[in-house]
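The residues making up each chain are set out below.
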Amino acid sequence: MTREKLRRATLPPVQENINKLEKAINEGNFYGAQQMYKSISARYVSAERYSEALDLLESGACLQLKHGQVTCGAELAVLFVDALVKGKIPYGEDILDRVRKIYNEFPKVPLPSDMADDDDDDRELNEAHGAAKTRLEGCSSFLRAAIKWSAEFGASRNGDPQLHVMLAEYIYSESTELNMAKVSHHFVKGNNPKKLASTLVNFMSKCYPGEDDLAIARPVLMYLSVGNLRDANYLMDELKRLVESQELDFPDSDLIQFITFLLLTLERDALPLFNMLRVNYKSSIDREPAFNELLDEIAEKFYGVQRRNPLQGMFGDLFKVIISISFKLYELDHKIFLA
């Protein structure tokens, strides 16, 4: 028997280890169990017994997360994806269900109010924010790894859309400093404008004045930048429906007017009108630097307008400066010669 076959044969059935480590966790030995999960799963991976490694890591990640051990659970969740990659496990619904099962074990804990009346409240708030940051970093690392695996082993080029939606939802629920640009990015990658609309309405109910129209315009432009006019229109229609049903006010600003006119313009071959809108609503567009880049991408997608390469522009400007300096030096030499 070769050394490799001997090593594969000497490893016990994985369920024995799962039962033993589950007992250790239930007794509160989280750290000791964590080290065993890592070392034993590494042996199964080394022996190319990937199915058993996945069973062990899935069990460990879910158990640690159920017991509130987010750092440990997230580490095992990332190792689960790492085993998928090492085993070259193809993307499929069965594996996606297992990723979703682990994801569902990540805690979602509402943050307390930022109003702190004394030192104890202040300390409690800081601890809650620290715990939320740990949850977000752990879950994000896991889902980003899963998205990368899915893109490499059979899903679409951007990774599985459902994984993007999971990440968007977790970022929205757990962020202490909410980045709606990142939330919108993953929702758009997830191709789920309905969930995005409900999230935006929730955000509009609690955001600062002047943030609501930016939050709406951003994902609309993101959809359009990849040529997805259908979902951009659906998002706007769904937002208006939800706002009306909840008796809220839909934002009325120059930026929203621009988005409304833009959607109508892109239905037709109207590049001059598109350019006119950019000029007329420049001050509103400039409220967020990324909007101009998105509009450049939209112009390319819908009207074939080639975007200017920033490096070409830089070198072109540099060439003009060199020519100007050379001409001035020539004039100076000419004057000296005549003198």
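Reading the values: the criteria
Residues numbered from 1 in each chain as written. Predicted model: local features only at pLDDT ≥ 70, side-chain atom pairs only at ≥ 80, totals over all residues. Heavy atoms only, no water. Helix = DSSP H or I, 4+ residues; strand = E, 2+ residues; numbered from the N terminus. Buried < 20%, exposed > 50% of the residue type's maximum accessible area, 1.4 Å probe, protein only. Contact = heavy atoms within 4.5 Å. Areas by Shrake-Rupley, 256 points an atom, 1.4 Å probe, with all protein chains shown as cover. Phe/Tyr/Trp six-rings, centres within 6.5 Å; stacked < 30°, edge-to-face > 60°. Core = buried A, V, L, I, M, F, W, Y, C linked by side-chain atoms within 4.5 Å. Salt bridge = Lys/Arg side-chain N within 4 Å of Asp/Glu carboxyl O.

Under an unreviewed UniProt entry, the name given to the protein is Guided Entry of Tail-anchored proteins 4, and the source organism is Hibiscus trionum.

### Some remarks on the overall build of the protein
Counting its secondary structure elements, the protein contains 17 helices and 0 strands. For the protein, with 339 residues in total, the buried portion stands at 42%. Taking contacts inside the protein between residues at least 6 apart in sequence as the whole, the part at least 24 apart equals 66%. Summing over all exposed atoms, the protein offers an accessible surface of approximately 19,200 Å²; the carbon and sulfur share of this is 54%.

### Looking at the packing of aromatic side chains
Taken as a whole and assessed by the stated rule, the structure comprises 7 aromatic pairs. Ring centres 6.0 Å apart and planes at 55° place the aromatic pair Tyr-91 and Trp-149 in the tilted group. In this pair, Tyr-91 is assigned in the loop between helix H5 (70–86) and helix H6 (93–105) and Trp-149 in helix H7 (residues 119–152), connecting sequence segments 58 residues apart. The class of Trp-149 is buried, set by a relative accessible area of 1%.

### Comments concerning the nonpolar core
One finds Ile-102, Phe-106, Phe-142, Leu-143, Leu-224 and Phe-258 to be the most contacted residues of the largest nonpolar core, which totals 98 residues. When near neighbours in sequence (up to four residues on either side) are disregarded, Ile-102 contacts Glu-58, Ala-61, Cys-62, Leu-65, Ala-77, Phe-80 and Phe-142.

### Looking at the pattern of salt bridges
With the rule as written, the count across this model stands at 20 salt bridges. A salt bridge links Arg-98 to Asp-55; the shortest N-O distance between them is 2.8 Å. Taken together, the residues Arg-98 in helix H6 and Asp-55 in helix H4 (residues 50–66) connect sequence positions 43 residues apart. On the accessibility criterion, Arg-98 (19% relative accessible area) is buried. Looking at Asp-55, the relative accessible area reads 28%, which means it is partly exposed. With its nearest N and O atoms 2.6 Å apart, the salt bridge here joins Asp-286 to Lys-282. For Asp-286, a relative accessible area of 35% corresponds to the partly exposed category.

### Remarks on unusual backbone geometry
If you check the backbone angles, Glu-48 has positive phi at about 60° while not being a glycine. Here Glu-48 shows up in the loop between helix H3 (30–46) and H4. Positioned with a positive phi, Lys-88 is a non-glycine residue whose angle comes to about 50°. Tracing the sequence through the fold places Lys-88 in the loop between H5 and H6. By relative accessible area, which is 64% here, Lys-88 ends up exposed.

### A closer look at the side chain of Arg-218
Inspection of the secondary structure assignment puts Arg-218 in helix H11 (residues 212–225). Note on Arg-218: relative accessible area 10%, which makes it buried. If near-sequence neighbours (up to four positions away) are discounted, Arg-218 is found in contact with Met-180, Ala-181, Ser-184, Glu-288, Phe-291 and Leu-294.

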